[in-house]
Structures are given as C-alpha cells and as structure tokens.
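Each chain, letter by letter, is given below.
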Amino acid sequence: MIKQILNNKIFKTISEIADKNEIEVYVIGGFVRDYFLNRPSKDIDILVIGSGIDFSLKVAEELGIKKVSKFKTFGTSMFKYKNMEIEFVGARKESYSRESRNPIIENGTLDDDQKRRDFTINAMAFSLNKANLGELLDPFNGTGDLNEKIIRTPLNPDITFSDDPLRMLRAIRFATQLNFELDELVFNSIQKNKERINIITKERIVEELNKILLSPYPSTGFILLDKTGLLNEFFPEFVNLKGTETINGTSHKDNFFHSLEVVDNLAKKTDNLWLLWAGLLHDIGKPKSKRYNEKTGFTFHAHEIIGGKMVVNIFKNFKMPLNEKLNYVKKLVELHLRPIAIVKDVTDSAVRRLLFEAGNDIDDLMKLAEADITSKNEAKVKKYLSNFEIVRQKLIEIEEKDKLRNWQPPITGEEIMEFLKIKPSKDVGIIKNKIKDAILDGEIKNTKEEAFKYMSNQAKKLGLL
Ligand code: ATP
Ligand code: MG
C-alpha cells in the first residue's frame, strides 16, 4: 500500500492536504478490498473525519479539477480523475428510519463509520495521514474473511440488514462476483428479513441483479436469492419456473435450473448484459403454456410468444429501459427456438426467413440457441453443436448471396402504386408481401429487376394490370 500511495498522484495530493489541514483521512471500502484481492478498482472511496465535501473541494483545486458533483443530503461529493471516480464522504454515524432507506446522518468517527459499512471485507481502511501512512485499520477482521472467502457483516446482520435492506442483495451479489460463501448468520438473517427488500426501489434492485448476471457464474446468485426467499419477493415469475412434474412416467425438466444453466453458458461467451437477460428470460413463458396430453406428454406450446409478452411486463415492473434494449430481449425470447428448428431441416428458405427476422441480432440469437442446449447426454450435445455449425455456415453463405441481414424491400410502396397506377390500398400491401415471400422462399433474387418482373406477373394475376 505504501508504495501505491507514494507513486500515485491522487493519494499523494490527498495525503498532503489532509496533513496541512490536520484532517484525518482514509481510503476505505471497495478499493481496499480489491487491493487485497488483486482486482482492478474502478473507483476510490475517501473517508474524511469531518466534511467530505469541503475536503474534496480542496483536493480538486490542487489538482486543477473544475467539475465536482456534490450531494449535500448525503454529505458526499465526487469527481473524475484519470478515468477513476474519486468519491469523498464524511464519516457517519447513522440511524435509518424503518420506512425508507434514507438515513438520518450524524457526524461520526472512523469507528462509527466502519460499523455502518455493509460487510467486513468492505469496512477496511488505509490511513492517508503521514503519522501512520498506509496503516491498515481492520476492526472486523476483513482480511481474515477475505482469506476464508466469506461474507460477514460488521454488526449483527439483523441490524445491518434492517438498517438498509439492499445490503441483503449486495451480500449475494458479492458472494457471486467473488465466489465467496455467505456466513450462516448472514444467510439466516436474509431469510428472516427478506420482506424488507420491498422498501428498496426497483432501480437499485436491478442494479444488483445486473451485477449478478455479469458475474462468472450468475447461477450462484440466483440460487442464493431463491434459497433465502429473497427472489420470490421481487421476481416471483422466475421462481415459478421451478419444479418438475411427472404424469404416467413422463416428466419435464426443471426450467428454473435449466434457465440458470443457460445463463451460465452465456456468461462464458458474452458480457452483453441484454443477451444475459434474454438467456434468463427465454423460457419465462413456460409455466403459463404448460399442458399435458396423453399422446405427446408435456407441451409448452407458444411459450416463446407468451414469454415475449411477459418480458415487456417484467421490464416495466423492474423500471428497466423500455427502448431498443427491451425490443432486443423480447425479440430474442420470441425467436429462441428458431435456430434449433432449422437444425432439423436446413433449407435455404428457412435460413433466409431467420436472417430476415433476426437481422443484426442473428449472431446473438445463435449464441442463445447454443447456450440453450443443456442436455446431460454428451453425445446429443455434440450432435446439436455440430449441426449448429452447419446452420452457421449456411447463414454465412446465404447472407453473402442474398444480403438479407438488414433487408429492405427492393420495391417501395410508392413504386408499387406508381407502377400499377393505384391509390394507397390493401392491394399495395398484398403485392409487397408477395414480393417479400418470393425472395425469402428463393423464387426470385433479391434485386429490383427480378422484383419488378415478378410484380408485373402478380398484378396481372390479380387483375390489376
Ligand atoms: P463495486 O464498486 O464493485 O460495486 P464497492 O465495494 O466499491 O464495489 P460501492 O457500491 O461502490 O461498492 O460502495 C463503496 C463502499 O461503500 C463499499 O465498499 C462499502 O464500504 C460502502 N457501501 C456501499 N453501499 C453500502 C450500503 N448499502 N451499506 C453500507 N455500506 C455500503
Ligand atoms: Mg465501488
């Protein structure tokens, strides 16, 4: 640590200003934890015994930084320095009101502040004052818990979690990101206090879910969320995927664990958060569409369409963006069965239609479909994957030939009206669709010339020419 302080301009400046003004200052939290874990840190949290805002302004001035964001209600401020976010906070002694998570802030000591941190591994501090520069202040044995890979709270977890219920979710998020275990007391306390999560805004819940999804094995987090009962509090649709059923000796797979396996598979291939969401939600429509039939056993007819509709409601409920991200997830959920259907019958026209519908998201759709193969039978998996290779080849071939990825009709509605001398009407749409189908079915090439010839023939048949 000493070395880093001396080599790093930001720590050096903070240290000098702290001593000049006789203020006690520490680097605390995630930065210290990540230092011991050898992980890169995106941000640095500076704890000031006194006013964090006043101190930050002095540091900013020294560094020639003009833009400092101040959050007076929380007594914090932040500025960017060389791609890092430097956050300043005054030491607090906090008590929360039970109905909301807005704290009543009082000035506190280092000790007070460390007690109100979420976890022992996040409560460690390095001194930045010259007298004890680089000294580690670790009153709750965070380094021990780092070594043991365990998530513990500084205080009795019932107190820590009831002060701020988001911490229950953060416990599971850190366990997932770091591959740590929850201390038994922590686990039990989450189970006991789970209902308190409902006072937390959806935005903050989703922020943690996103971090879980972006972890190496997202399933770890969702399984803990489920076991503690937290998941059912804010995401019952997902808990509904759980369980199998057997009738007359036929059964179906557990779609909860299947979905998590799919997300784990995807996590190995992508850091696209929205593709991970698509993986999580691809079978969300299954419980609603489940039927049993003597002949066919269990079916989940149209679960992809029902799922697509549910995606919209889930995004709304979670206050997630209702823009092209939603459209993307919905589309992938709706199309997730298509590549596997094609594997069974790789015709040019089926591949063309898929390219047409998936557009630029075809590669992501293929990733999702591949991740969706979770059979325990290795030979079966191998066969599917090699068939997918064939589909991929075919996709490349057809894309090169027909350029359907972002397909625009070769003849516009206006051109149809002009050519046939007709007004806007149903016929325009009919002709347009016929041209599209002819191209996708490979009857004609994707060119203006062939499309015009085809249109003229069709119009004659319809008595329009
Ligand atoms: P990351 O930035 O990777 O999410 P982090 O530990 O830096 O991890 P932040 O949310 O940036 O997490 O918070 C910085 C520090 O502030 C934490 O290490 C912890 O000490 C404290 N902290 C953050 N949120 C809470 C909370 N809800 N309750 C108590 N302490 C918190
Ligand atoms: Mg941080």
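This is a predicted model, so every value here is computed, not measured.

1. Describing the overall build of the protein chain
Along the protein chain, the regular secondary structure elements total 25 helices and 15 strands. For the protein chain, whose C-alpha radius of gyration is 29 Å, the value lies well above the compact-globule estimate of 23 Å for 465 residues. Dimensions along the principal axes, computed over C-alpha positions, put the protein chain at roughly 95 × 60 × 40 Å. For the protein chain, buried positions account for 50% of its 465 residues. In the protein chain, the share of contacts with a sequence separation of at least 24, taken over all contacts with a separation of at least 6, comes to 64%. Charge-centre separation for the protein chain: the mean point of 74 positive side chains lies 4 Å from the mean point of 69 negative side chains.

2. Section: the pairing of strand S2 (residues 43–48)
The element S2 is largely enclosed, with a buried count of five among its six residues. Pairing of strand S1 (residues 25–28) with S2 involves four bridges; the strand directions are antiparallel. Bridging from a neighbouring strand, Val25 pairs with Val48 of S2. By the bridge criterion, six bridges tie S2 to strand S5 (residues 84–90) in an arrangement that is parallel. Bridge pairing links Ile46 to Phe88 in S5.

3. Topic: the site of ligand 1
Residues in close proximity to ligand 1 total 16 residues, the closest being Arg33, Asn122, Asp164, Arg167 and Arg173. Taking Asn122, its main chain carries an N or O atom lying 2.8 Å from an oxygen atom of ligand 1. Contacts to ligand 1 include Asp164, whose side-chain N or O atom sits 2.8 Å from a nitrogen atom. Within the complex, 83% of the 580 Å² of free accessible area of ligand 1 lies under protein. Listing elements by their share of the shell around ligand 1, those giving two or more residues are helix H3 (30–37), S2 and helix H8 (166–178). For the shell around ligand 1, the element with the most residues is H8, which contributes four residues. Partitioned by chemical class, the residues of the shell around ligand 1 number one nonpolar, three polar and twelve charged.

4. Some words on the side chain of Thr120
Along the polypeptide, Thr120 turns up in the loop between helix H5 (110–115) and strand S8 (125–127). A polar contact is formed between the side chain of Thr120 and the side chain of Asp145, at a distance of 2.7 Å. What Thr120 contacts, discounting residues up to four positions off in sequence, is Phe140, Gly142, Asp145, Arg152, Thr153 and Pro154.

5. Brief notes about the pattern of salt bridges
Side chains bearing opposite charge may pair, as long as their charged atoms lie close to each other. Within this structure, the stated rule accounts for 29 salt bridges. Notably, a salt bridge pairs Arg39 with Asp34, separated by 2.9 Å at the nearest N-O pair. You can call Arg39 partly exposed: its relative accessible area is 30%. The buried category is assigned to Asp34, whose relative accessible area is 6%. Here Arg338 makes a salt bridge to Glu357, at a shortest N to O gap of 3.1 Å.

6. A closer look at the domain arrangement of the protein chain
Domain annotation of the protein chain identifies domain 1 (2–148), domain 2 (337–404) and domain 3 (413–461). The C-alpha-based centres of domain 1 and domain 2 are spaced at 51 Å.

Each value, and the rule that gives it
Residues numbered from 1 in each chain as written. Chains lettered and ligands numbered in written order. Predicted model: local features only at pLDDT ≥ 70, side-chain atom pairs only at ≥ 80, totals over all residues. Heavy atoms only, no water. Helix = DSSP H or I, 4+ residues; strand = E, 2+ residues; numbered from the N terminus. Rg over C-alpha atoms; globule rule 2.2 N^0.38 Å. Buried < 20%, exposed > 50% of the residue type's maximum accessible area, 1.4 Å probe, protein only. Contact = heavy atoms within 4.5 Å. Lys, Arg positive; Asp, Glu negative; His and termini not counted. Charge placed at Lys NZ, Arg CZ, Asp CG, Glu CD. Pairing = 2+ DSSP bridges. Near = heavy atom within 4 Å. Polar contact = N/O pair within 3.5 Å; in protein donor to acceptor, adjacent residues only side chain to side chain. Areas by Shrake-Rupley, 256 points an atom, 1.4 Å probe, with all protein chains shown as cover. Nonpolar A, V, L, I, M, F, W, Y, C, P; charged D, E, K, R; others polar. Salt bridge = Lys/Arg side-chain N within 4 Å of Asp/Glu carboxyl O. Domains from an automatic or database assignment.

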